[in-house]
Amino acid sequence: MNEPQPTAALFVGMQGSESVVVRPELTVRHHKPDMPAVYGTPMMIYLMEVAAANAIHPHLPAGWVSVGASVNIRHLAATPLGRTVTATAVVTEIKDRLVSFRIEAHDGVRKIGDGTHARGVIHLATFEERLEKA
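Attention here is on the structure that accompanies the text. It should be emphasised that the depicted structure is a prediction, and the values quoted were computed from it without experimental measurement. (Residues numbered from 1 in each chain as written. Predicted model: local features only at pLDDT ≥ 70, side-chain atom pairs only at ≥ 80, totals over all residues. Heavy atoms only, no water.)

## Section: a nonpolar patch on the surface
Filter applied, for reference: Distance thresholds for patches are 9 Å for like charges and 5 Å for nonpolar side chains (Val, Leu, Ile, Met, Phe, Trp, Tyr), applied to residues having over 30% relative accessible area and no salt bridge. For accessible areas, the Shrake-Rupley method is used with a probe of radius 1.4 Å. Any residue's cover is judged against the shown protein chains and nothing else. Here, a salt bridge means any Lys or Arg side-chain nitrogen found within 4 Å of an Asp or Glu carboxyl oxygen. In this text, helices come from DSSP runs of H or I with a minimum length of four residues, and strands from runs of E with a minimum of two, each type numbered from the N-terminal end.
A contiguous nonpolar surface patch, about 250 Å² in accessible area, is contributed by Leu 124, Phe 127 and Leu 131. Take Leu 124: it is sitting in helix α3 (residues 124-133).

## Things to note about the side chain of Thr 7
The criterion, for reference: Two N or O atoms form a polar contact when they lie within 3.5 Å of each other; inside protein one atom must be a possible hydrogen donor and the other a possible acceptor, and for residues adjacent in sequence the pair counts only when both atoms belong to side chains. When checking whether two residues touch, look at their non-hydrogen atoms; a contact exists if any pair is within 4.5 Å.
Here Thr 7 shows up in the segment before β1 (15-21). Polar contacts involving the side chain of Thr 7 include one to the main-chain carbonyl oxygen of Asp 96, which spans 2.9 Å. When sequence neighbours within four positions are dropped, the list of residues in contact with Thr 7 reads Ile 94, Asp 96, Arg 97, Val 99 and Val 121.

## Digging into the nonpolar core
This is how the line gets drawn: Buried Ala, Val, Leu, Ile, Met, Phe, Trp, Tyr and Cys residues that are joined via side-chain atoms within 4.5 Å together make up what is termed a nonpolar core. Accessibility here uses a 1.4 Å probe with only protein chains present; expressed as a share of the type maximum, an area under 20% marks a residue as buried, one over 50% as exposed, and anything in between as partly exposed.
Grouped together as the largest cluster of nonpolar side chains are 27 residues, with contacts concentrated most on Tyr 39, Ile 56, Val 85, Val 99, Phe 101 and Ile 112. Sorting the residues of this core by element identifies α2 (41-56), β3 (84-95), β4 (98-106) and β5 (111-123) as the ones contributing at least two each. A per-element tally of this core places α2 first, with 8 residues. The contacts of Val 85, once residues within four sequence positions are left out, are Glu 18, Ser 19, Val 20, Val 22, Tyr 39, Leu 47, Thr 79, Ala 105, His 106, Asp 107 and Ile 112.

## Things to note about the sheet that holds β5
We count it as follows: Criterion used throughout: strands pair if DSSP finds at least two bridges between them. Each axis is a line fitted through C-alpha atoms, taken for helices only over the stretch in contact, and angles between the N-to-C directions span 0 to 180 degrees.
On the basis of which strands lie adjacent, the open sheet formed by 5 strands has the order β1-β3-β4-β5-β2 and antiparallel pairing. Each end of this open sheet is capped by a strand with a single partner; those strands are β1 and β2 (64-75). Averaged over neighbouring strand pairs, the angle between their axes works out to 25 degrees when direction is ignored. Of the strands in this sheet, β1, β2, β3, β4 and β5 touch α2, which is tilted by about 145 degrees from β1. α3 rests against β2 and β5 of the sheet, and its axis sits at about 85 degrees to β5.

The structure is reproduced here in structure tokens:
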């Protein structure tokens, strides 16, 4: 018996977002004291990944999640402490279990990042079983 494709309920154009206030622990200085106290690139990429996951997770079957597969990001501008950064993601393509996104981040004043991202849709229990055997 063929199981339905876990991405069957997904479609191009789906959107997700996630926001965060830039706190000291999200700055480059927190990890490297001789650097500026601005929002760190890895934190921005993580926020973008969460926005992408938010776009599709509510539509995946029970027991299925998505994991990051690729990122291609530009960090365009520095964001100081206290600003709210919002990442948005739009589904641009679905191929089997790989979902592609166009992503952006804004800090309330300007666009601070953009790029593309892909997430693989996996069955969590099966994935974890494979990890235990690795």
